[in-house]
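Survey of secondary and tertiary structure
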Number of protein chains: 2
Amino acid sequence: MDFRSRPRHRNAGSYHHGELRQALLAAAAELLAGGGSDAVGMREIARRASVSHAAPYRHYANREALLADLAAIGFEQLAARFAGLPAATTPERRLVEMARSYVDFAREQPQLWRLMFGNTLDKTQHPALLDASRLVLANLRATVEALGVPAPATHQTLAAWAFAHGVARLVLDQRLDAHLDAPLDADALVQEAAWIFLRGLRHT
Amino acid sequence: MDFRSRPRHRNAGSYHHGELRQALLAAAAELLAGGGSDAVGMREIARRASVSHAAPYRHYANREALLADLAAIGFEQLAARFAGLPAATTPERRLVEMARSYVDFAREQPQLWRLMFGNTLDKTQHPALLDASRLVLANLRATVEALGVPAPATHQTLAAWAFAHGVARLVLDQRLDAHLDAPLDADALVQEAAWIFLRGLRHT
């Protein structure tokens, strides 16, 4: 690598408060999207943000803390999507829309989705991440309870999440078509799966 | 590492036909169980099987071919489990038993399960693996069709798999308890989720 071709380091102190964090997160998100969490390294993040190797450690104790921040932002994005869904006429439609929204999120940002819902991070070690993921679960639980399932609808809420998660996994698996006679129609599958779940819940 | 402490290499030719493959697979399965597919390396496999570094290549073109063989055997094991389930009184009970059996498999051999259902391998490049995984899907499809869903019950079969897969993912996630008021009762969740699915399928 030719060091002369690299942009000169910006002094981390020249960033305004919050700007450095944003620059680090943007670089980390790019690396994540390109190669998954294994591709997210502190040195490469510093290089992309044009700061010294030490600068990322002003904000993050280590790489895992930065990944946890990325994942927490992912959960906040997902919660914002749920909040931004058009007002549904019925809780049934709302749950179908949430399932679709969840699967869309996984398709658009598969590596972020894997980071959020995979085994890479121990959420209990990262309070902000835990809070953000709890918010998403609370949102789902409220929708399940609005369907008439008595609170706390823990198993039904987890089952709803499991179902959407499994469907997202299927939809992301480009190789599934090898098992089918025709290419997978992802939207039709999400729709069908969500309605099976709903009907099953209604006839408890 | 002290080379003197290692067992002397067995000449790969001293293995009877088939024995070498078994020894390689056993070593690979150990490595997989311990550290996931990233931990499966040809040199370490050779070391554990007490053969030369070149010996594994008598059976496998490369590491991926060996992983594909491991995954294919995993699908055969899963198909054998389904075949060995006690004769169910109804197709409904059979589907619940299959779901439980799938989740148990994932709990007992999480790394093998991840290899089989993750993105590590391109099944289309490994005919034996593709056949073995198709057999499992065919088995599930037959059970869904026995429930009265008109053939080919593609979306319903995929939804059934997605549901079981998502539940297995939840059950494997040791950190989920941080989101719940009480520890997750995995068996109760599997049971509940399977019946939600069944009821939903019945009321199509």
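Residues numbered from 1 in each chain as written. Chains lettered and ligands numbered in written order. Predicted model: local features only at pLDDT ≥ 70, side-chain atom pairs only at ≥ 80, totals over all residues.

**As for the domain arrangement of chain A**
All names here are of chain A. According to the domain assignment, chain A contains domain 1 (3-60) and domain 2 (64-202). In this structure, domain 1 and domain 2 have C-alpha centres spaced 30 Å apart. Taken together, the contacts link 11 residues of domain 1 with 11 residues of domain 2. Considering only residue class, the side of domain 1 that touches domain 2 consists of nine nonpolar, two polar and no charged. (Domains from an automatic or database assignment. Contact = placed C-beta atoms within 7 Å. Nonpolar A, V, L, I, M, F, W, Y, C, P; charged D, E, K, R; others polar.)

**Some words on the interface of chain B and chain A**
The interface is formed by 35 residues belonging to chain B together with 35 residues belonging to chain A. Those elements that provide at least two residues to the side of chain B that touches chain A are helix H6 (127-146), helix H7 (154-172) and helix H8 (186-202) of chain B. If one sorts the elements of the side of chain B that touches chain A by residue count, H7(B) sits on top with 11 residues. (Helix = DSSP H or I, 4+ residues; strand = E, 2+ residues; numbered from the N terminus.)

**Structural notes on the relation of the copies chain B and chain A**
Rotating chain B by 180° and translating it 0.0 Å along the rotation axis places it on chain A, where the RMSD comes to 0.0 Å. Overall, the copies show the geometry of a two-fold rotation axis. The position closest to the rotation axis in chain B is occupied by the C-alpha of Gly200(B), lying 1.8 Å away. A share of 100% of interface residues in chain B that are also interface residues in chain A marks the association as one of identical surfaces. (Least-squares fit on C-alpha atoms with pLDDT ≥ 70 in both.)

**Structural notes on the packing of helix H4 (residues 91-108) of chain B against H7(B)**
Residue and element names in this part refer to chain B. At a minimum axis separation of 9 Å, H4 and H7 run at an interaxial angle of 40°. What the angle tells us is that H4 and H7 run oblique. The two elements H4 and H7 meet at a crossing, and its hand is right-handed. Here Leu95, Ala99, Tyr102, Val103, Ala106 and Arg107 of H4 lie close against H7, whose contacting residues are Ala160, Ala164, Val167, Ala168, Val171 and Leu172. Here the residues of the contact of H4 with H7 are counted per class, giving 11 nonpolar, no polar and one charged. (Axes fitted to C-alpha atoms, helices over the stretch in contact; angles between N-to-C directions. Parallel < 35°, antiparallel > 145°, perpendicular 65-115°, else oblique. Left-handed = near helix turned anticlockwise from the far one by under 90°.)

**Points about H8(B)**
With 17 residues, H8(B) extends 24 Å from end C-alpha to end C-alpha; this agrees with the ideal 24 Å at 1.5 Å per step. Of all the residues in H8(B), the buried ones are Leu189(B), Val190(B), Ala193(B), Ala194(B), Ile196(B), Phe197(B), Leu198(B), Gly200(B) and Leu201(B). Residues of H8(B) that are buried in the fold lie against helix H7 (154-172) and helix H8 (186-202) of chain A together with H4 and H7 of chain B. (Expected span 1.5 Å × (residues − 1). Buried ≥ 20, exposed ≤ 12 C-beta atoms within 10 Å, placed from the backbone.)

**Side note on the packing of H7(A) against H7(B)**
Running from N to C, H7(A) and H7(B) point in directions that differ by 115°, and their axes come no closer than 7 Å. Every pair of crossing elements has a handedness; the one defined by H7(A) and H7(B) is right-handed. Two secondary-structure elements touch here, H7(A) through Leu158(A), Ala162(A), Phe163(A), His165(A), Gly166(A), Val167(A), Arg169(A) and Leu170(A) and H7(B) through Leu158(B), Ala162(B), Phe163(B), His165(B), Gly166(B), Val167(B), Arg169(B) and Leu170(B). Of the residues in the contact of H7(A) with H7(B), the class split is 10 nonpolar, four polar and two charged.

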